[in-house]
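Remarks on the overall topology
Below, each chain spelled out in residue letters.
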Amino acid sequence: MLAVRTATRPTEPVKRLTLASLFRHSSNYATVMKKEGAIHLERVEPGSSKDIEQPDLFVELFRESFEIAEDDNAGLAIEVNSDFLLAGVHVVLQNTATGTLLEDERHEGTSKLTVGLLAPGHYVLMVYTHKCITNIDRADARVVKAFDVLLDMRVRPLRKVGGRDGELAKAGVPVKISDGSTSTDTDKPDQETTPVLVTAEELDCRRDHLPLPDDLDINGVTSQIDWSESFYLPTYAFTSHEMLYTAREGQQALRVFLAKSNCKVSILSKEDRKLLAQSRPVDKGRAQLLVATDLVVGSQYLVLLEFSERAGLDGRGGASCDHFVMAVKTGDAATTCMDASSGDDAGRGALTSSLDGEFRSSAIGMKKKTEKRLLTIQGSGAVDLQLTLDYSAAFYRADLVLTVVTPSGHPERHRDAAGDEAAALKLIATETTPTSIDFTRKHATTYLFTNIVAGKYEVSVHQRFKAKTCRSLVTLSYRSWEAGASAVTLERGGLSGLQIYQSQSEE
Amino acid sequence: MGEAPYEVSISLQQKFHEGNTLDLLVEVLQQDVAFEDIAKEAHKPKRLGRHTAPSVDSETTMPEEAEGRAEDVKGALGPTCAGTCLVGGEKAYNEMVRVLDLEARTYFRVWLLQQPAKGQGSRDAAECANYQLFVRAAPSTRELSLEKKLGQQLRCPAEELPSTLDAPRYLQGPSDAQKDFHYSQHYRVDHLWHNQAHKMSFTLREATVVRIAAPLHRHLEFDIVLNQDMGAYSHQTLMRAKKEDHHSAIFAQLEKGSYHLKLEFMSDAALLQLPCQTVQLELAMTTNKRAKV
């Protein structure tokens, strides 16, 4: 099978967006716009905030109108990507007849607005941001005089499929641009626009999760890539997805974390599709981690995600609206490490957790790939323990293992140094399995252990792929409380025959 | 079992139209006894009608036990109820539930009592009852106050608003250098009811670009205030971001110094205190040098 992509993303951004152009090209690629010096500075004196009203800071980047006809039976899918910090754009859609405003759902660097069905009538689509206030006195001391806006945008009609009018849904949508005629742009809306087709389930899914991007640099090309988002898979079958990455100066190292068990992440050279690195399972196989260093500046790479429909350890494989967290970070692995000789050995002492539910934190300097801390949970009986491992200051992602310490004061593994199968099995037996692992927090993982016995544990923090010379800092936060497992629970056991006796229709 | 009291939950599940309905009974046989000290022989099931204290001398081997079916007690055997007996439970859909608190080191037996329907055709049909039985024991929390119990059940997973951004997760980088950050997440505010506001201080070691955005909240109305600290006890406001259509936003280029962000809530405290109430904030900072591309 040989196919060539007919449409490729233009290499040069446009200076002005038009709705006609957006409707025409959005099914193939996002249109990139760069507006130089679009965001000006507004000097403020401390204490004079009453003089500054937010409407005064409003900066309009795009505004055009369009009309939805009686028989269009269509909605709209809009996606705008920009660097949140430097551009921070918002999208708003207004029904001019009713005045109803629909504002975007914000994700990290992404503004997304999905409307299942638009009532016939005129609409205004607007993209805007705000001016930057500054308290820096001298103009020459302001390193940034004005901010450029770099964004990419897609606007596509949307139709729901799956109903009785399945074939009709695929028909093109003729969109009339209300004020496009004043433009000198040669793009005229003289052809039908292909709608994006979504099922009702996918429409729900799009509200909270993003479709997988084609390009890792979804926030524009102004700064380091560092995002963590929830994405969804609109399929029940085996599937794969490719994302383009172009290595730039200072971003020769790439970390891709996928919080999903039935998948694999690989990185290939785009030129010859040669496999360069593959992911490894982390957190007991509940997630995959890929780290690639020494990428060549200017070279293009493909990050390949391969999903299986088989249920993974999380039991979610093949479910509808199968969503998961994916986090991508770039950097220079060498510069993200502290000098091995620098700093002190932060927090080498043992940790103690009271059953008061209050968080306590300890910084852990990672000299080796694995660092261990003794954790004592005070009290007696069953307790719940929450551990949060924050690796925001490190390039290499960290994870942890909690092990029971024997009454003699040593972790089980130390007694079975032979490394044979029995010792391995014993080690597994003493490892405490978390009830849940939360990957949704950026740069951090939260482990919840329920109904464990108060006492002594060993927390082993690992940083996979880390070079021996690299020293980094992670923060472990911990809190515990008396076990709440005997509180009200809706869990009714897992026997398959349960429903035989639970049929309310027989009542 | 350990020393803490246990909550034992027994669920007997049968179809409502089941001809042979069962009843359950919990018999407490021995208390404050170690597992290895349980007098199992003394507590073997007895013939019904002999409601006397157990006696080793009076024990006789029942035909079922002789056949190796001692656990499958039928016919004329039943509880002696020499100690505590609890009969039946709460009726639910196709289910009878009994929840009881037992001290640790308690030896007890769960009985299922069958009352065959009269007038059944064959003997087999009359004796056969379909059912499911679930018995679970877990450390009891019944002695805890309601407030504490609720606190355990409703332990909020959302991150708490930091009191300072001068922390490794935010501005504090390796070797004490200022770090960039960008987070978009839900922060917990239900514990802020004392003063209806929350302050987050931060220190900039060099000129920095700051952006904050807060999408519209369904119930809560709040402003984001950016203040510059002018000394130990005074500050001046640089900007107050009020709700503009669907969000509040601050975009600023700040000189080095001490600042604090304040979330000021205008909504009723009752809304703020809803369990695990959160607000979504997108916060990002980078030094001016790194912002210049």
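Residues numbered from 1 in each chain as written. Chains lettered and ligands numbered in written order. Predicted model: local features only at pLDDT ≥ 70, side-chain atom pairs only at ≥ 80, totals over all residues.

1. Some details on the overall build of chain B
For chain B, the helix and strand inventory stands at five helices and 18 strands. The 293 residues of chain B split such that 26% are buried. Within chain B, contacts between residues at least 6 apart in sequence are counted, and of these 80% link residues at least 24 apart. (Helix = DSSP H or I, 4+ residues; strand = E, 2+ residues; numbered from the N terminus. Buried ≥ 20, exposed ≤ 12 C-beta atoms within 10 Å, placed from the backbone. Contact = placed C-beta atoms within 7 Å.)

2. Some words on the overall build of chain A
Within chain A, the regular secondary structure consists of four helices and 32 strands. Taken across its 507 residues, chain A has 38% of its residues classed as buried. Taking as baseline every contact in chain A between residues at least 6 positions apart, the subset at least 24 positions apart corresponds to 77%.

3. Some words on the sheet that holds strand 19 (residues 280–282) of chain A
Residue and element names in this part refer to chain A. Across the sheet, six strands lie side by side as 13-14-22-16-20-19; this open sheet has mixed pairing. Of all strands in the sheet, those bounded by a partner on one side alone are strand 13 (210–211) and strand 19. Summarising the sheet, strand 16 (residues 253–258) and strand 22 (residues 322–331) pair through six bridges and their orientation is antiparallel. Bridge pairing in strand 22 links Phe 257 to Ala 327. (Pairing = 2+ DSSP bridges.)

4. Let's talk about the environment of Tyr 187 of chain B
All names here are of chain B. Looking at where Tyr 187 falls in the secondary structure, it is placed in strand 11 (residues 181–188). Spatially, the C-alpha atom of Tyr 187 lies 5.4 Å from that of Val 279, the residues being 92 residues apart in sequence. Not counting the four nearest positions on each side in its chain, Tyr 187 is found in contact with Ala 158, Glu 159, Glu 160, Leu 161, Thr 278, Val 279 and Leu 281.

5. Let's talk about the sheet that holds strand 30 (residues 444–453) of chain A
Each strand in a sheet pairs with another by means of backbone hydrogen bonds, the pair being arranged parallel or else antiparallel. Residues and elements named next belong to chain A. The sheet built from five strands is open, its strands ordered 24-32-26-30-29 with antiparallel pairing. Whereas interior strands pair on both sides, the edge strands pair on one side only; in this sheet they are strand 24 (360–366) and strand 29 (436–438). Taken pair by pair, the neighbouring strands of this sheet meet at an average axis angle of 20°, ignoring direction. (Axes fitted to C-alpha atoms, helices over the stretch in contact; angles between N-to-C directions.)

6. Remarks on the environment of Ser 11 of chain B
Residues and elements named next belong to chain B. Considering the arrangement of structural elements, one finds Ser 11 in strand 1 (residues 6–13). Since 20 C-beta atoms lie within 10 Å of it, Ser 11 is described here as buried. Along the backbone, Ser 11 and Ala 252 are 241 residues apart, and their C-alpha atoms lie at a distance of 61 Å. Leave out the neighbours within four places in its chain, and Ser 11 touches Glu 95, Val 97 and Phe 134.

7. Details of helix 3 (residues 200–208) of chain A
Residues and elements named next belong to chain A. Listed in full, the buried residues belonging to helix 3 are Glu 202, Leu 203, Cys 205 and Arg 206. One face of helix 3 carries all of its buried residues, which in axial projection span an arc of 160°. Opposite the buried face of helix 3, by more than 90 degrees, sit the exposed residues Ala 200, Arg 207 and Asp 208. In this fold, the buried residues of helix 3 make contact with strand 7 (110–115), strand 10 (146–161), strand 12 (196–199), strand 14 (226–233) and strand 22. (Arc of directions from axis to C-beta.)

8. So, the pairing of strand 32 (residues 472–482) of chain A
Residues and elements named next belong to chain A. Burial analysis of strand 32 places nine of its eleven residues in the buried class, the great majority of the element. Of the strand pairs in this sheet, strand 24 and strand 32 are connected by seven bridges, and their pairing is antiparallel. Of the residues in strand 32, the one forming a bridge with Ile 364 is Val 474. Direction of pairing for strand 26 (residues 382–390) relative to strand 32: antiparallel, over a ladder of eight bridges.

9. Structural notes on the confidence of the model for chain A
Confidence in the prediction for chain A averages 79 pLDDT; 76% of positions are at 70 or higher. Ignoring residues within four places in sequence, the model shows residues 485–507 of chain A, a span with pLDDT below 50, making 32 contacts including any to other chains. (pLDDT = per-residue confidence, 0-100.)

10. Some words on unusual backbone geometry
Phi at Asp 283 of chain A is positive, roughly 50°, even though this residue is not glycine. One can find Asp 283 of chain A in the loop between strand 19 and strand 20 (287–292). Given 22 C-beta atoms within 10 Å, Asp 283 of chain A falls into the buried group. Phi at Asp 32 of chain B is positive, roughly 50°, even though this residue is not glycine. Examined against the element boundaries, Asp 32 of chain B turns out to sit in the loop between strand 2 (21–30) and strand 3 (46–47). A count of 10 C-beta atoms within 10 Å places Asp 32 of chain B in the exposed class.

11. Details of the nonpolar core
Counting residues in each nonpolar core, the largest one holds 79 residues, and the members touching the most others are Leu 151 and Met 153 of chain A together with Ile 212, Ile 224, Leu 226, Ile 250 and Ala 252 of chain B. Looking at which element gives the most residues to this core, the answer is strand 10 of chain A, with seven residues. Here Met 153 of chain A is in contact with Leu 17, Leu 22, Ala 30, Thr 31, Met 33 and Val 80 of chain A, once residues within four sequence places are set aside. Grouped together as the second largest cluster of nonpolar side chains are 63 residues, Ile 225, Leu 233, Leu 305 and Leu 375 of chain A included. (Core = buried A, V, L, I, M, F, W, Y, C linked by C-beta atoms within 7 Å.)

12. Description of the confidence of the model for chain B
Residue and element names in this part refer to chain B. Residues at a pLDDT of 70 or more form 75% of chain B, whose mean pLDDT is 77. Every residue in residues 49–75 scores below 50 in pLDDT, and together they form 21 contacts with partners more than four places removed in sequence or on other chains. Across the assembled chains, the prediction reports ipTM 0.82 with pTM 0.72.

13. A closer look at the environment of Ala 138 of chain B
Residue and element names in this part refer to chain B. Tracing the sequence through the fold places Ala 138 in strand 9 (residues 132–139). A residue is classified by how many C-beta atoms lie within 10 Å of it, and Ala 138, with 18 of them, is partly exposed. Distance in space between the C-alpha atoms of Ala 138 and Pro 5 is 8.6 Å, their sequence separation being 133 residues.

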